[in-house]
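Secondary and tertiary structure notes
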Amino acid sequence: MLSLSERKACLIVHGDQPYNAEPPLGRLRASYRTPAEDFYVRSHGDVPDLDPETWRLNVDGGAGVTLELSLNDLRTRFPKAMVTATMQCAGNRRADMRAVAPVSGDPWDAGAIGTAAWTGARLGDILREAGVADAADLHVAFESHDMVEGRPYGASIPLGKAMAPETLLAYAMNGEALLPEHGFPVRAVVPGFAGVRSPKWLRRLVVQDHPSDNPIQADDYKLYPSDVTAETADRAQGHTIDTMPLNAAICEPERGATLKAGRNSIRGYAVAGDRAIVRVDVSGNGGRSWMQAYLQHEPYAPFAWTFWSVELDLPPGEHELAVRAWDVAGQTQPALPDDIWNHKGYLCTCWHRVQISVTE
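A brief report on the enclosed structure follows. Given the structure is predicted, the values throughout are model-derived calculations rather than measurements. (Residues numbered from 1 in each chain as written. Predicted model: local features only at pLDDT ≥ 70, side-chain atom pairs only at ≥ 80, totals over all residues. Heavy atoms only, no water.)

Side note on the overall build of the chain
Basically, it comes down to this: By the criteria applied, helices consist of DSSP H or I runs no shorter than four residues and strands consist of E runs no shorter than two, each listed in order from the N terminus. Remark: exposure states derive from per-residue accessible area (1.4 Å probe, protein chains only) relative to the maximum for the residue type, with buried under 20%, exposed over 50%, and partly exposed in between. Computed with a 1.4 Å probe, the accessible areas rest on the Shrake-Rupley method; for each residue, only the protein chains presented here act as cover. Think of it this way: Lys and Arg go in the positive column, Asp and Glu in the negative one, and His and the chain ends go nowhere. Lys charges are placed at NZ, Arg charges at CZ, Asp charges at CG and Glu charges at CD.
Within the chain one finds seven helices and 24 strands. By its C-alpha atoms, the chain is 70 × 45 × 40 Å across when sized along the principal axes. Across the 360 residues in the chain, those meeting the buried criterion constitute 55%. As displayed, the chain offers around 15,100 Å² of accessible surface, 50% of which is attributable to carbon and sulfur atoms. Both charge centroids of the chain, one from 34 positive and one from 46 negative side chains, sit 3 Å from each other.

Quick notes on the sheet that holds strand β13 (residues 202-208)
What counts here: At least two bridges found by DSSP between two strands are what make those strands a pair. The axes are straight lines fitted to the C-alpha atoms, using for helices just the contacting stretch, and the angles between their N-to-C directions are given from 0 to 180°.
In space, the five strands of this open sheet follow the order β5-β4-β13-β8-β9, with mixed pairing throughout. Each edge of the sheet is formed by a strand with only one pairing partner; in this case those strands are β5 (66-70) and β9 (151-158). Adjacent strand axes in the sheet meet at a mean angle of 20 degrees, parallel and antiparallel pairs treated alike. Where strand β8 (residues 139-148) lies against β9, seven bridges are found, and the strand directions are antiparallel. Paired with V148 across the strands is R151, a residue of β9.

Remarks on the sheet that holds strand β2 (residues 19-22)
Overall, antiparallel pairing links the three strands, which are arranged β1-β2-β3 in an open sheet. One side of each edge strand has no neighbouring strand; the edge strands of this open sheet are β1 (12-16) and β3 (41-42). As paired strands, β2 and β3 are joined by two bridges and run antiparallel to one another. Bridge pairing in β3 links N20 to R42.

Comments concerning the nonpolar core
In plain terms, the rule: Nine residue types can take part in a nonpolar core, namely buried Ala, Val, Leu, Ile, Met, Phe, Trp, Tyr and Cys, and a core is a set of them joined through side-chain atoms within 4.5 Å. Residue contacts are defined here by distance: any two heavy atoms, one from each residue, within 4.5 Å place the two residues in contact.
Counting residues in each nonpolar core, the largest one holds 32 residues, and the members touching the most others are V59, I126, L127 and L169. Elements with a contribution of two residues or more to this core: β4 (56-60), β5, α3 (71-76), α5 (123-129), β8, α6 (159-163), β10 (168-173) and β13. Other than its neighbours up to four places away in sequence, V59 contacts V65, T66, L67, L69, I126, L127, A130 and L205. I277, V282, L312 and I356 belong to the second-largest nonpolar core, a separate cluster that totals 22 residues.

Concerning the pairing of strand β7 (residues 113-122)
β7 sits mainly inside the fold: nine of its ten residues count as buried. Inspection of the sheet shows strand β6 (residues 80-88) paired to β7 by nine bridges, in the antiparallel sense. Along β7, the bridge assignment pairs M87 with G114. In terms of strand pairing, β7 meets β10 through five bridges, oriented antiparallel. Bridge pairing links A121 to L169 in β10.

If you want it as structure tokens, here you go:
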């Protein structure tokens, strides 16, 4: 296994403190299940150094029942579950919004996303053992070991999503123990939701009648209209980002590539939360004409991305490649980042465009 410094050397690092990085898009598209060393890393604070032998998870069901679970408890007391699911940062493709006007946050390209086979215990099984029954208007608040501006990382999800069979407390990724930067020894995996709702390095869960009051939940990851600025933003008016929207990206060729005239393979991914991708259109001329791509999706993985590929006959000259996806509800993507710009640079879902040159 490569060391952390060796793994960092293979990624595009946006920051060391906190550590944030994404893979080159060609490597991202190389495998339907993203190898752990090629999986994007989104951290808000430090990467904790935790001992799996002494690690414990405290669970407060909110009705007087509490649990203290070891890693071995998660492995042996609860049925093992595996979910192949895509995880994506809400800031994925923020770089496209930065081209319109300044935004806050790291300048992610289209690589702040990945798909893995996650193994662990279903969160619903753990909550039921803690005396929790299905109920409306309750929330599961997570607290983690990493520190963000002097307090533990925290976020929450609605109880209904917590009890859903796809939501896990995962201790393995693609059949191997989690890497430290991916949440070792245990993290939440909340398929279809933004990655911020899948906290790493868990220490405590609480069932409560309100969302987490941690700044990560209460203040950050809010979607605002384009006329709202950092100075005028009212968190009570911001839309909390949970479910992730329809999106698609071109992974190959890369921006600025030079190709030979003739038939060229264009490849990428599309994703729509738990909704099926039914069509992907690819253009070699900035959207004036389109061709439908071939779709590849693993059966029985409703929360995983769709890979797509198409061959375009490209003449010599400068070309703007573009992609747009369609989901089972007949929804597609806006054409321009101007249409969805917001000061935090969240949920960039416009057509992904790649400028290339084609020579004889």
